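Observations on the model geometry
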Amino acid sequence: MAVQSVTQSAPPPRLKASNAFLENPKIPFAVALLFADALLVFLIIAFVPYTKIDWDAYMSQVKGFLEGERDYQNLKGDTGPLVYPAGFLYVYSAFLYLTGGQVYPAQILFGLLYIINLALVLFIYVKTDVVPWWALCLLSLSKRVHSIFVLRLFNDCVATTLLHAALLLLMHRRWNLGLIVFSGAVSVKMNVLLFAPPLLLLMLKAMDIGGVLLALAGAALVQILLGLPFLVSHPVAYISRAFNLGRVFIHFWSVNFKFIPEPVFVSKGFAIFLLAGHLILLASFAHYRWCKHEGGLLNFLHSRYVYMRLRLALFFSSSSKKFSKSSSSPIKNLTKEHIVTTMFVGNFIGIVCARSLHYQFYSWYFYSLPYLLWRTSYPTLLRLSLFMGVEICWNIYPSNNISSALLLCLHLIILWGLWSAPPRYPFPGNKPSSHKDK
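First, a word on scope: everything that follows refers to the structure included in this document. Every chain is numbered on its own, with residues counted from 1 as its sequence reads. Local features in this predicted model are restricted to residues whose pLDDT is 70 or higher, and side-chain atom pairs enter the listing and the counts only when it is 80 or higher, whereas totals over whole chains, interfaces and linings include all residues. Side-chain metrics in this entry use all non-hydrogen atoms of the structure; hydrogen atoms and water are not considered.

**Observations regarding the side chain of Asn117**
- If you trace the backbone, Asn117 turns up in helix α5 (residues 103–127).
- With a relative accessible area of 0%, Asn117 lands in the buried category.
- In this view, Asn117 contacts Phe149, Thr160, Thr161, His164 and Tyr367; residues no more than four positions away in its chain are not counted. The numbering of helices and of strands both runs from the N terminus, where a helix is a DSSP run of H or I of at least 4 residues and a strand a run of E of at least 2. Exposed residues in this analysis have more than 50% of their type's maximum accessible area, buried residues have under 20%, and partly exposed residues fall in between, with area computed by a 1.4 Å probe over protein chains only. Residues are treated as being in contact if the distance between any of their heavy atoms lies within 4.5 Å.

Below, the structure written as structure tokens:
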């Protein structure tokens, strides 16, 4: 009697997706958190009074643009002149069209923007195996961030959302498209440039020189196209206003350096000191942490330089095919965790060294805090304490000497934890085993 072998058919894709949904507790928890936070946003809009700060000024600046003004010196609002790149004008022109300039429909629009941004961030956290599932709730616990989005309607919210969308694209190796979205975020607010140094390093790791130059050209083209109406008519006014890197913020609104005397705070020497600290920290993390497994930053850059020279020298030679087959390329795929860690840490270094952080600037790095804290080797209780301490400092209004000094200390403790934690292997496969504190 013949024995028939029984083969089990593979489960259908829908069943696989269902199993993955149930097996990974992060996914159902993230979905539940998204719906719960949507309800909270609805309640905030319905019952918490709107705070008038910049919305009317934004609308005045946009109306001037729509009426045909192309000189940035003449685009002003009741809180001052326009100081954002051209992408800001296009985005808020769309908001004006959708809301008629009214606050309540704008709050609903920003409520939707908040949920979209949270969904992007949760997707980043779910795709990276760093933060435990229960700690995702920290992303919805900030009173200040809810206020920034739905009670203040700041352009920081748009820039932050675009940045997180770009980061998702980078995680999935869509470097060119990611750079275009990143450039779009920069066109709304320049603070996104804090991510530029780590992003450039990641591009050099993941792409050849030609690919890097092509991606950078795409990002530059976005800026040129968006700013073209102003670059053609009043280029000096546009560049000096929209990309002013030397702005001095008012000491009263500083959340992080309020304890510094105002004459020192506004001095050029203090600005140079912070800039030097920023560059030194970036170089140190790049050399000893981000490029640790490539032999350090200098060795990594040298290897890329040598590889580029070999490619150029052999491009037209008869041995080019042999070279392409036998040579080992320094270009490798990067893990999602390495990409996110490098981007978040690079931005956080800029936050630590920023001369002035206003209240809306909290959105620049809040969503990276749980990730950064779980990238340290600190015990969970200390991580939670640091998170709560930072949140408390940002909710003290107006800031004072004690709250700003405490915030700086908390930032430095987090930075030290990131520095002292062992660097993770940046490439897929052959990872050294590590104990993850969940």
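**Quick word on the pattern of salt bridges**
- Should a side-chain nitrogen of Lys or Arg be within 4 Å of a carboxyl oxygen of Asp or Glu, the pair is scored as a salt bridge. Scanning the entire structure with this criterion turns up 3 salt bridges.
- Here Lys189 makes a salt bridge to Asp156, at a shortest N to O gap of 2.8 Å. Residue Lys189 is located in the loop between α8 (175–188) and α9 (196–206), and its partner Asp156 is located in helix α7 (residues 156–171); the two are separated by 33 residues in the primary sequence.

**Structural notes on a nonpolar patch on the surface**
- Put simply, a patch holds well-exposed residues, over 30% relative accessible area, that have no salt bridge, with like charges counted together within 9 Å and Val, Leu, Ile, Met, Phe, Trp or Tyr side chains within 5 Å. All accessible areas in this document rest on Shrake-Rupley with a 1.4 Å probe, and a residue is counted as covered only by the protein chains that are shown. A cluster of nonpolar side chains, contributed by Leu39, Phe42, Leu43, Phe47 and Val48, occupies part of the molecular surface with about 520 Å² of accessible area.
- Position of Leu43 among the secondary structure elements: in helix α2 (residues 26–47).
- Given the relative accessible area of 36%, Leu43 is considered partly exposed.

**Examining α2**
- For a helix, the expected span equals 1.5 Å multiplied by the residue count minus one. In this model, α2 (22 residues) spans 31 Å end to end at C-alpha, consistent with the 32 Å of a helix rising 1.5 Å per residue.
- Listing the buried residues of α2 in full gives Lys26, Ala30, Leu33, Asp37, Val41, Ile44 and Ile45. The buried side chains of α2 occupy one side of the element, clustering within an arc of 105 degrees when seen end-on. Facing away from the buried side of α2 by over 90 degrees, the exposed positions are Phe35, Leu39, Phe42 and Phe47.
- Of the surrounding secondary structure, the elements contacted by the buried residues of α2 are α5 and α6 (143–152). Regarding the arc, it is the one traced by the directions from the helix axis to the C-beta atoms.

**Observations regarding the packing of aromatic side chains**
- Aromatic pairing here means that ring centres of Phe, Tyr or Trp (its six-membered ring) are within 6.5 Å. Orientation follows from the plane angle: under 30 degrees is stacked, over 60 is edge-to-face, and everything else is tilted. Applying the stated criterion across every chain yields a total of 39 aromatic pairs.
- Their ring planes at 35 degrees and their centres at 5.7 Å tell us that Phe65 and Phe230 sit as a pair that is tilted. On the criterion of sequence distance, the pair formed by Phe65 in helix α3 (residues 55–66) and Phe230 in helix α10 (residues 209–233) is long-range, its members being 165 residues apart. Pair check on accessibility: Phe65 and Phe230 agree, each one buried.
- For the ring pair Trp134 and Trp374, a centre distance of 5.7 Å and an interplane angle of 75 degrees mean the geometry is edge-to-face. One end of the pair, Trp134, is in the loop between α5 and α6; the other, Trp374, is in helix α17 (residues 369–375), and 240 residues separate them in sequence.
- Judged by relative accessible area, which is 28%, Trp134 ranks as partly exposed.

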